[in-house]
Amino acid sequence: QVLVTGGPGSLSGNAGFFDANTGVLAGPGRWLLRTSDGGATWEQPELVGFPDHTSNRSFQDLFVVDENKAWAVGNKMIALSIDKGATWTFVEHGIADIDSAFRTVAFYNDTLGYIGCGDGLVIKTTDSGITWTIDDTFPKEGLLFFTSEFNEEGRIFLGTAHGEIYGTYIEP
């Protein structure tokens, strides 16, 4: 059986599940839908603190950290949920002089996370998203990061729009 539910026309922002029943879909126009019954019904979660200028922005990626916590990123916005996607709070990254299209997000654990940007920047947190810094490990000229994932050792890998893969290297 296939369930069809109304949406924004595209799902630009990925999907994630916290458990067998609770999940979130993300897309354009700050669009999010949440299910708590395994996908039988969907509802809009509450958005908190989102500036008016983000009303037409699109979510690009979503990452579920654990059974309660998830991050969503998009065009000039970062959002955090700590209640299985029922509420999403706008997060100020605090980095001066960037106004980026955040394209991909991945967390290794609750504290270490990376966001790949459309302008080649990579930002990083080591304190659960309280502070973010630019990670100069990655060359930024001309790159568009679209995918990211950690391996079991905590190494981040980021894929670009040009088919390149950038990753952190640990000496053996």
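Up top is the structure these notes are about.
Residues numbered from 1 in each chain as written. Predicted model: local features only at pLDDT ≥ 70, side-chain atom pairs only at ≥ 80, totals over all residues. Heavy atoms only, no water.

Focus: the sheet that holds strand 4 (residues 46–48)
Logical step 1: Strand order in the open sheet made by the 5 strands is 4-8-7-6-5, with mixed pairing throughout. The sheet is open, and its two borders are formed by strand 4 and strand 5 (59–64), each paired with just one other strand. Across the sheet, the mean angle from the axis of one strand to that of its neighbour is 20°, orientation sign disregarded.
Logical step 2: The sheet contact formed by strand 5 and strand 6 (residues 70–74) spans 5 bridges and is antiparallel. (Pairing = 2+ DSSP bridges. Helix = DSSP H or I, 4+ residues; strand = E, 2+ residues; numbered from the N terminus. Axes fitted to C-alpha atoms, helices over the stretch in contact; angles between N-to-C directions.)

A few points about the nonpolar core
Logical step 1: Ranked by size, the top nonpolar core spans 26 residues in total, and within it Trp71, Ile78, Phe102, Ile115, Ile123 and Trp132 carry the most contacts.
Logical step 2: Looking at this core, the elements with two or more residues in it are strand 6, strand 7 (77–81), strand 9 (102–107), strand 10 (113–117), strand 11 (122–125), strand 13 (145–150) and strand 14 (156–160).
Logical step 3: Counting residues per element, this core draws most heavily on strand 9, at 4 residues.
Logical step 4: The residues contacting Trp132, other than those within four sequence positions of it, are Trp71, Val91, His93, Ile95, Phe107, Gly113, Ile115, Ile123, Lys124 and Thr125.
Logical step 5: Residues Leu62, Ala70, Ala72 and Ala79 belong to the second largest nonpolar core, which totals 13 residues. (Core = buried A, V, L, I, M, F, W, Y, C linked by side-chain atoms within 4.5 Å. Buried < 20%, exposed > 50% of the residue type's maximum accessible area, 1.4 Å probe, protein only. Contact = heavy atoms within 4.5 Å.)

Side note on unusual backbone geometry
Logical step 1: Residues other than glycine seldom take positive phi values, yet Arg30 does so here, at roughly 55°.
Logical step 2: Secondary-structure assignment places Arg30 in the loop between strand 2 (23–27) and strand 3 (31–35).

Quick look at the pairing of strand 6
Remember that side chains alternate between the two faces of the sheet whenever the strand is regular.
Logical step 1: When you tally the buried positions in strand 6, you get 5 out of 5 residues, the bulk of the element.
Logical step 2: In this antiparallel pair of consecutive strands, strand 5 and strand 6, the connection spans 5 residues.
Logical step 3: Bridge analysis of strand 6 against strand 7 gives 5 bridges, and the strand direction is antiparallel. Counterpart to Val73 in the pairing with strand 7 is Ile78.
Logical step 4: Where strand 6 folds back onto strand 7 in an antiparallel hairpin, the turn is made up of 2 residues, including Lys76, whose phi is positive at roughly 65°.

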